[in-house]
Amino acid sequence: MSEMVEIVDSLEAKILKLINKIKVLEEKAHQLKYELQVSNQNLEKKAVELDHLQKQFETLKIANSLLGSDENKRETKLKINSLIREIDYCIAQLSD
């Protein structure tokens, strides 16, 4: 009979250890989910910042070309032509 009590006590101790491990793993999973969420938010912020900086760079290249630089002159002419086409389209829409 004492052997049966020892087995039950052993099983009870093992079950308690497993329950504690589950709690620790759940806490770790929660912490990792939070860290992932923070990392994703940071990534989104960096993507927005990168997009903004790329737009600024393009604007600066065009401004540099307009100030007389020979670099990016072709791109500037293409951009100006694109803007003229957009303006012509708007004028056509207004006159209809």
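Residues numbered from 1 in each chain as written. Predicted model: local features only at pLDDT ≥ 70, side-chain atom pairs only at ≥ 80, totals over all residues. Heavy atoms only, no water.

(A) Looking closely at the overall build of the protein. When its secondary structure is counted, the protein shows 2 helices and 0 strands. A compact globule built from 96 residues would reach a C-alpha radius of gyration of about 12 Å, whereas the protein, at 33 Å, exceeds it by more than 25%. If you line up the protein on its principal axes, its C-alpha atoms span 100 × 40 × 15 Å. Here the protein, with 96 residues, has 4% of them falling under the buried criterion. (Helix = DSSP H or I, 4+ residues; strand = E, 2+ residues; numbered from the N terminus. Rg over C-alpha atoms; globule rule 2.2 N^0.38 Å. Buried < 20%, exposed > 50% of the residue type's maximum accessible area, 1.4 Å probe, protein only.)

(B) Focus on the pattern of salt bridges. Within the structure shown, the criterion is met by 2 salt bridges. Between K55 and D51 there is a salt bridge, with its nearest N and O atoms 3.4 Å apart. Here K55 pairs with D51, and both are found in helix α1 (residues 2–66), just 4 residues apart, close to one helical turn. Judged by relative accessible area, K55 falls into the exposed class, the value being 53%. (Salt bridge = Lys/Arg side-chain N within 4 Å of Asp/Glu carboxyl O.)

(C) Spatial organisation of a negative patch on the surface. Among the surface-exposed residues, E3, E6, D9 and E12 lie close enough to one another that they form a single negatively charged patch. Examined against the element boundaries, E3 turns out to sit in helix α1. Judged by relative accessible area, E3 falls into the exposed class, the value being 59%. (Patch = residues over 30% accessible without salt bridge, like charges linked within 9 Å, V, L, I, M, F, W, Y side chains within 5 Å. Areas by Shrake-Rupley, 256 points an atom, 1.4 Å probe, with all protein chains shown as cover. Lys, Arg positive; Asp, Glu negative; His and termini not counted. Charge placed at Lys NZ, Arg CZ, Asp CG, Glu CD.)

(D) Fine view of the environment of Q93. Take Q93: it is sitting in helix α2 (residues 73–95). Between the C-alpha atom of Q93 and that of Q54, which follows or precedes it by 39 residues, the distance is 31 Å.

(E) View of a nonpolar patch on the surface. Nonpolar side chains collect at one region of the surface, where M1, M4, I7, V8, L11, I15, L16 and I19 lie side by side and expose about 830 Å² of accessible area between them. With respect to the helices and strands, the residue I19 is situated in helix α1.

(F) Layout of the packing of α1 against α2. With their axes 9 Å apart at the nearest point, α1 and α2 run at an angle of 100° to one another. What the angle tells us is that α1 and α2 run roughly perpendicular. Here α1 contributes E58, K61, I62, S65 and L66 to the contact with α2, which in turn contributes K73, E75, T76, K79 and I80. Split by residue class, the contact of α1 with α2 holds 3 nonpolar, 2 polar and 5 charged. (Axes fitted to C-alpha atoms, helices over the stretch in contact; angles between N-to-C directions. Parallel < 35°, antiparallel > 145°, perpendicular 65-115°, else oblique. Contact = heavy atoms within 4.5 Å. Nonpolar A, V, L, I, M, F, W, Y, C, P; charged D, E, K, R; others polar.)

(G) The arrangement of the environment of I80 in detail. Along the chain, the position of I80 falls in helix α2. For I80, a relative accessible area of 36% corresponds to the partly exposed category. Between the C-alpha atom of I80 and that of I62, which follows or precedes it by 18 residues, the distance is 9.4 Å.

So yeah, pure geometry; function would need other evidence.
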